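Architecture at a glance
Chain by chain, the residues:
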Amino acid sequence: MKAIECIGLNKVYGENVAVDSLSLVVEHNKMTGIIGPNGAGKTTLLKLIAGFLKATAGEMRVFGEAPFNNLRVSANAIFIDDRMVFPSSLCLDDICRMAARVYANWDHKLARGLLDYFALNPKLCHAHLSRGQKSTVNAILGLAAHCPLTIFDEPTLGMDVGVRRDFYRALLKDYMQHPRSILFSSHMLLEVEDILEDIVLLKDGYKVLHLPLPQLTEYAVGLAGNSDALCALTENREVLHTRQISSCFSYVVIKNDLKRGDLQQAQLSGVDITAVPAADLCVYLTEQRKGGIDDVFSQTKSVANR
């Protein structure tokens, strides 16, 4: 069953194309990561899915219906980010009671248990909390609502490391007990890859790839060795990243289409073949610059020696 379907989706603000001809299908009951650098279009895409924004062009379906200004979609979705605001007169207990009237699947026991665990007094006002505490409360609302479509847009901003770790575990445990369609945006895949099933990678508003996480980890390989040997081995191949380690030693990441003969050639040339972490691969596929940060210092040094 399709939870979300986008066909040629575009969202334009003036001259800025925030979402660019994006086509995407997200199956129901999947934990999907929306990954990409700042400015990639993650938040805009999620707001289009939630029905907060109207697309400039293309088609969008959530549970088979256009989400914009759609009460059925709104009743079955929740959007969590760090910009949520509540009336200053409401304490956390009031917010939970209000949520119970709005969300049909609201789990009050889970909400109170998590508030207690994170030492959040239900009598405190949301407006008086620290940024990290607000993010924690917002995330608890997203979990306890048990909406068929749950959207977390960078939900851990401001949280301490330990709180983030506990939240990820709580999210995974609750998802296993109450399967639903969860979209989780982040620019830090390394922290969340253990809980995600599928990855949608965005860059400049367009989709770079959409793969199950196991396939993403096999998408590319790293080659390290003599620069001349690497040049011969990577000829006519898709190079995703290059880093010069020394004058004659390099590290290159290529799309993984190596055959047995290529592996033998690499072995004979003294080239090491290694796996590429999924988080690093996402950076390589979306980076705007060629080379690495070391190149800046090398160029600076060259100019200073002239």
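Before reading on, note that the structure itself is shown above.
Not measured: the values here are computed from a predicted model. (Residues numbered from 1 in each chain as written. Predicted model: local features only at pLDDT ≥ 70, side-chain atom pairs only at ≥ 80, totals over all residues. Heavy atoms only, no water.)

Trp106, Phe167, Leu171, Leu189, Leu196 and Leu216 are the most contacted members of the largest nonpolar core, which totals 58 residues. No other element matches helix 5 (residues 131–145), which puts seven residues into this core. If near-sequence neighbours (up to four positions away) are discounted, Leu196 is found in contact with Met31, Thr32, Gly33, Ile35, Phe184, Leu189 and Leu213. By size, the runner-up hydrophobic cluster in this structure holds 26 residues, among which are Ala40, Leu45, Ile49 and Val200. (Core = buried A, V, L, I, M, F, W, Y, C linked by side-chain atoms within 4.5 Å. Buried < 20%, exposed > 50% of the residue type's maximum accessible area, 1.4 Å probe, protein only. Helix = DSSP H or I, 4+ residues; strand = E, 2+ residues; numbered from the N terminus. Contact = heavy atoms within 4.5 Å.)

On inspection of all chains with the given rule, the structure shows zero disulfides. Residue Cys6 stays outside any disulfide, its sulfur separated by 19 Å from that of Cys282, the closest cysteine. For Cys6, a relative accessible area of 2% gives the class buried. (Disulfide = S-S within 2.5 Å.)

Before going further, it helps to examine empty space enclosed by the protein. On inspection of all chains with the given rule, the structure shows two cavities of 30 Å³ or more. As a volume, the largest cavity reaches approximately 50 Å³. Contributing elements (two or more residues each) for the lining of the largest cavity: strand 7 (181–186) and helix 7 (189–192). Tallied by class, residues from the lining of the largest cavity come to five nonpolar, three polar and two charged. Empty space within the second largest cavity amounts to approximately 30 Å³. If you trace the second largest cavity, you find it lined by Leu92, Ile95, Cys96, Leu115, Val137, Ile140 and Leu141. (1 Å grid on protein atoms, 1.4 Å probe; cavity = no way out; pocket = protein on both sides within 12 Å on 5 of 7 lines; lining within 4 Å. Points joined across faces, edges and corners; volume = space filled by probe spheres on them. Nonpolar A, V, L, I, M, F, W, Y, C, P; charged D, E, K, R; others polar.)

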